[in-house]
Structure formats: C-alpha cells, structure tokens
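A closer look at the structure
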Amino acid sequence: MLRKILLIVGMALSSASNAGLLLQDGFDVDSTQTILNFDGYTNWTVSNGSTDYYFNDSLTCAYGSAGGCVDLDGTTGQAGRMTSRKSYTFQAGYTYSLFGDIGGSQRSNGGNDTVTFGILQGGLPSYTRVVSDLAWNADWSTYELSFVPTTNFTGQLFFQNDGGDNIGALLDNVMFLTTAPEPGGTTPLPGTLAILGLGLTALGLIRARS
Ligand SMILES: [Ca+2]
Ligand SMILES: [Ca+2]
Ligand SMILES: [Ca+2]
C-alpha cells in the first residue's frame, strides 16, 4: 500500500513542475511506548476529547508495520479531534490532497466507527471526507480527500472519530501535498473537462441536425 501511495505521490509530483509535499506523518517518532490519552504528538494537538497512541503494540498499526499509530477514540469517554499544529496557506486553483491510512478498531467490542477528516477554516470543517460505519475488523485502507479551492484561505488539517466508547478507528501514515496549476491558466478538473467535452459533442450534434 505504501508503494501505491508513493506511486500516487510520484504521479502528482511529476504531473506539475510546482508540486510539494506539505506533511508526511507515520506517527513513529511521537513516543517509544503506548500512551493512553496522549497529547504529545509532533504535528498535532488534540481537543474536545482524547486519542490513544500505540507503539510496537499487540494492536497492529498499518499493514503490520512496526512503529506507532493512533486510536482516534482515547480513554476519556470522548473521542478527540486531532488538528495539525501548522496552519497552511491554501491557494486558489492549486490541487490539495490529504491521505490517511485508516483501519477498523481491531477490537471486537469497538463497534462501528465513523471518521471525518479534512480541512478546518477558522476552526470549522470546510473540505471534508467521511468514512462511515467502519467495522471493527475493517482492513487498513488509504483514504483520500482532494480539492481545488476557489479562493485563498488559511486552514488546518483534522482527523476525528465520532462517539466515545474508548475504542476508535486507527489512523496511520498521513500525507498532505499540493500541486500547482499548469502554467498559463487554471487547471480544469477532469470532471469539468468531461462535461465540457459532452457539451461540445452535444453542440456538434445540434449543429449537424439543424
Ligand atoms: Ca506508523
Ligand atoms: Ca482508546
Ligand atoms: Ca468505537
């Protein structure tokens, strides 16, 4: 899966001259032991509840790798929100992609968990992706949120688990990157191009008939 992510990043980086990796966090250097209700993340603060940090634990992090990862529902009866310590400047027309490896809680008494992640503007969610009803035994998978802002703004990244049964979905391998628009103009979205193409085709048909 890491290879897949690197491939995606490679494609993103090679598709534009001005692209950059803004954050990469595998949660492997935050501590050398498992700590419940952890609040010492290198790149994140935790608010409105708690998260747990697991390191080289029987609770396996992404894809069986050693190191650390996060239980998004801590041990205080309220799942916390992880917010990036850094604020990022988002530029209109640029493409921003946020990736996270998310797995089920891997504990049979954890129930289903729903994770929301994305961008905060002024502390409020703006661009988001919701991973709904993740079964406790759901495999690790890489989830992506990509968007192109229409105006410039400053924002932070966030990951959040619903609920508070102290057993949440697991998070590992967060990656955040940007790709500049092609020189000479705003890069049209693939969807926009497709719609434009359909429109031109339709126009051609109408003209051909009249
Ligand atoms: Ca890790
Ligand atoms: Ca927990
Ligand atoms: Ca749960």
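This text goes with the structure placed above it.
Just so we're clear, the structure is a prediction, and the values are computed from it rather than from any experiment.

**Some words on the overall build of the chain**
The helix and strand inventory of the chain stands at two helices and 12 strands. In sequence order, the chain lays out its α and β elements as α-β-β-β-β-β-β-β-β-β-β-β-β-α. Split into buried and exposed, the 210 residues of the chain put 32% on the buried side. Across the chain, the fraction of contacts at a sequence separation of at least 24, relative to all contacts at a separation of at least 6, is 73%.

**Considerations on the nonpolar core**
Ranked by internal contacts, the top residues of the largest apolar core, which has 36 residues, are Cys69, Val70, Leu72, Val115, Phe159, Ala169 and Leu171. The element best represented in this core is strand E12 (residues 170-179), accounting for six residues. Leaving out residues up to four positions away in the same chain, Leu171 has contacts with Cys69, Val70, Leu72, Gly100, Ile102 and Phe159.

**Quick word on the environment of Ala79**
Following the sequence through the fold, Ala79 ends up in the loop between strand E4 (68-71) and strand E5 (81-84). Residues Ala79 and Asp165, 86 residues apart in the sequence, show an inter-C-alpha distance of 8.0 Å. Filtering out sequence-adjacent residues up to four positions away, Ala79 remains in contact with Gly49, Leu72, Asp73, Gly74, Gln160, Asn161, Asp162, Gly163, Gly164 and Gly168.

**Examining unusual backbone geometry**
In the Ramachandran plot, Phe27 falls in the positive-phi region, its phi being about 55° despite a non-glycine side chain. Within the element layout of this structure, Phe27 appears in the loop between strand E1 (19-25) and strand E2 (44-47). Judged by local crowding, Phe27 falls into the buried class, with 25 C-beta atoms found within 10 Å. Although it is not a glycine, Asp133 sits at a positive phi angle of roughly 45°. Take Asp133: there are 11 C-beta atoms within 10 Å of it, and that puts it in the exposed class.

**Some remarks on the pairing of strand E8 (residues 113-121)**
Looking along a regular strand, one sees side chains alternate from face to face of the sheet. As paired elements, E8 and strand E9 (residues 124-134) share seven bridges and run antiparallel to each other. Paired with Asp113 across the two strands is Leu134, which belongs to E9. Hairpin connection between E8 and E9: a loop of two residues separates the two successive antiparallel strands, and Gly122 in this loop has a positive phi of roughly 60°. Across six bridges, E8 lies against strand E11 (residues 153-161) in antiparallel orientation. Bridging across to E11, Gly118 finds its partner in Phe158.

Quick notes on the rules
The numbers attached to residues start from 1 for each chain and follow its sequence in the written order. The order in which chains are written sets their letters, starting at A; the order in which ligands are written sets their numbers, starting at 1. Selection of residues for local features in this predicted model requires a pLDDT of at least 70, selection of side-chain atom pairs for listing and counting requires 80 or more, and totals for whole chains, interfaces and linings are taken over all residues. Under the DSSP-based scheme used, a helix requires at least four consecutive residues in state H or I and a strand at least two consecutive residues in state E, with every element numbered from the N terminus. Counting other C-beta atoms within 10 Å of a residue's own tells you its class, since 20 or more makes it buried, 12 or fewer makes it exposed, and anything in between is partly exposed; those C-beta atoms are placed from the backbone. The contact criterion used here is simple: two residues whose C-beta atoms, placed from the backbone, lie within 7 Å are in contact. Think of a nonpolar core as buried Ala, Val, Leu, Ile, Met, Phe, Trp, Tyr and Cys residues chained together by C-beta atoms that fall within 7 Å. Strands are treated as partners if at least two bridges between them are detected by DSSP.

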